[in-house]
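# Structural overview
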Amino acid sequence: MTASQGSLRLHVPEPSGRPGQRTDFAYLRLSPAGSLPRPPIDTPYRDTLPLADGLIRVLDDDGRAVGPWTPQADPGLLLHALRLMLLTRAFDARMVIAQRQKKTSFYVQSLGEEAVGIGQALALHADDMCFPTYRQQGILLARGMPMTDMMCQLFSNSRDPLLGRQLPVMYSSRAHGFFSISGNLGTQFVQAVGWAMASAIKGDTRIASAWIGDGSTAEADFHTALTFAQVYRAPVILNVVNNQWAISTFQAIAGGETTTFAMRGVGMGIAALRVDGNDLLAVLAASRWAAERARSNAGPTLIEWVTYRAGPHSTSDDPSKYRPADDWTHFPLGDPIERLRRHLTARELWSDTQHEAALRDIEAEVLAAQKEAERHGTLGDGRPDPGADLFEDVYADLPPHLVQQRAQLEG
Ligand SMILES: Cc1ncc(C[n+]2csc(CCOP(=O)(O)OP(=O)(O)O)c2C)c(N)n1
């Protein structure tokens, strides 16, 4: 009983920068490009500890690719990745405008995070299964989902593949290996592990790619997923997108203040990598490493992608209320598009003229897709009879009480 210790108090983590201030990004603890080793894909999980605590980077500040993680990537693949990132960004920008014009009720952009989904999509096989959050639209575009179909979902119109039953951005496409998005955070993470277990049980060769945000790692399903993945050595990539924010809450309050999210993988007996998520080459290399590890039955990999949510959380959010307005311009890992552009330009594979022309082509492509989608209606004018199929698909066969309710609706 010593009084000298004083009273107990709780620690409540706070970001260093609030509106009107400047964020001190020293908390990120960056490693220089090329400084971390690339172990063999069957390396024991313990040996990944320095990779979970450091930061795997390939592109240096001059846009050069350096170090052992430099992927063997065809120039054509890198140019394709750049184009997909530009396409995703243009699609997002148009759909934010469409929301302001009341053509859709809601939108979520992926500004600043385009490299993670697209880089991984280009490292996977087309029939591997992705379990995304609402911020991986780049995967769908990389896998060739027609933009018009995506817009029809956003507009809840008569060609909406989900028949107007889901909130905008909650895409689902079996044909593109894109598991139905659910609004309940984290649920897909454990489901991805189950899918991967099923693939192994069947003796299949396909792997799963699971996605979650830094904030959602605080959900119980995150921990359940890691337990099952480790116990059964499930063929899954466990992607944690640490974009520093979960709506208005800083990643420190999700548990990132004194440790990394990748370290949680190591603690659970899972190989883990912490990677520069704005470095397309690093994304490609780390995703290939994890995919190969899973495919060769060496087990799951947890990858923390360090990036920054440059835009608002959604069209319902105003980040100027909780963080500095110019935060992204000071983010040390920069803009993934500009970094890849710089690399390709330095290698004389790309030029400013080509970039300007690509931007114009892409803008025209997005506008043409939107025009086509709008022919089938936009929010509020596209589905004249929303009651007709509202009762279908609740069960495989319509049970008597729903037959009754449908009859009541139809009067
Ligand atoms: C179970 C559950 N709790 C809360 C919410 C509300 N919600 C939607 S998005 C979000 C933030 C998620 O942040 P993060 O996981 O970091 O992903 P990010 O949005 O940054 O991509 C919250 C709290 C929800 N949809 N589901």
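Please refer to the structure placed before this passage.
Structure report, in brief. What you are looking at is a predicted structure, and each value in this text was computed from that prediction instead of being measured.

Conventions and cut-offs
- Residues numbered from 1 in each chain as written.
- Predicted model: local features only at pLDDT ≥ 70, side-chain atom pairs only at ≥ 80, totals over all residues.
- Heavy atoms only, no water.
- Pairing = 2+ DSSP bridges.
- Helix = DSSP H or I, 4+ residues; strand = E, 2+ residues; numbered from the N terminus.
- Axes fitted to C-alpha atoms, helices over the stretch in contact; angles between N-to-C directions.
- Contact = heavy atoms within 4.5 Å.
- Near = heavy atom within 4 Å.
- Polar contact = N/O pair within 3.5 Å; in protein donor to acceptor, adjacent residues only side chain to side chain.
- Areas by Shrake-Rupley, 256 points an atom, 1.4 Å probe, with all protein chains shown as cover.
- Nonpolar A, V, L, I, M, F, W, Y, C, P; charged D, E, K, R; others polar.
- Buried < 20%, exposed > 50% of the residue type's maximum accessible area, 1.4 Å probe, protein only.

## Considering the sheet that holds strand 7 (residues 301-306)
With parallel pairing, 5 strands are arranged side by side in an open sheet as 1-2-3-7-6. The sheet is open, and its two edges are formed by strand 1 (129-131) and strand 6 (271-276), each paired on a single side. In this sheet, adjacent strand axes meet at a mean angle of 20° when their direction is disregarded. Looking at chain direction, strand 6 and strand 7 are connected through 6 bridges and run parallel. Bridge pairing in strand 7 places alanine 272 opposite leucine 302. Strand contacts of helix 3 (residues 114-123): strand 2 (208-213), strand 3 (236-242) and strand 7, with the helix running at about 175° to strand 2, the strand carrying the most contacts.

## With respect to the site of the ligand
Around the ligand lies a shell of 15 residues, among which Tyr134, Arg135, Gly183, Ser216 and Trp245 are the nearest. Measuring from an oxygen atom of the ligand, one finds a side-chain N or O atom of arginine 135 at 2.7 Å. Within the backbone of glycine 215, an N or O atom sits 2.8 Å from an oxygen atom of the ligand. In isolation the ligand offers 590 Å² of accessible surface; the protein chains occlude 70% of this area. Here the shell around the ligand is built from residues that sort into 5 nonpolar, 7 polar and 3 charged.

## Re unusual backbone geometry
Even without a glycine there, the phi angle at glutamine 244 is positive, about 80°. Relative to the elements of secondary structure, glutamine 244 occurs in the loop between strand 3 and strand 4 (245-246). Glutamine 244 sits in the buried class, given a relative accessible area of 0%. Here the phi dihedral of asparagine 297 falls at roughly 65°; this positive angle occurs in a residue that is not glycine. Checked against the element boundaries, asparagine 297 lands in the loop between helix 9 (280-295) and strand 7. On the basis of relative accessible area, asparagine 297 is assigned to the exposed category, the value being 56%.

## Focus on the environment of tryptophan 305
Within the secondary structure, tryptophan 305 sits in strand 7. A relative accessible area of 0% places tryptophan 305 in the buried class. C-alpha separation for the pair tryptophan 305 and alanine 286, spaced 19 residues apart in sequence, amounts to 10.0 Å.

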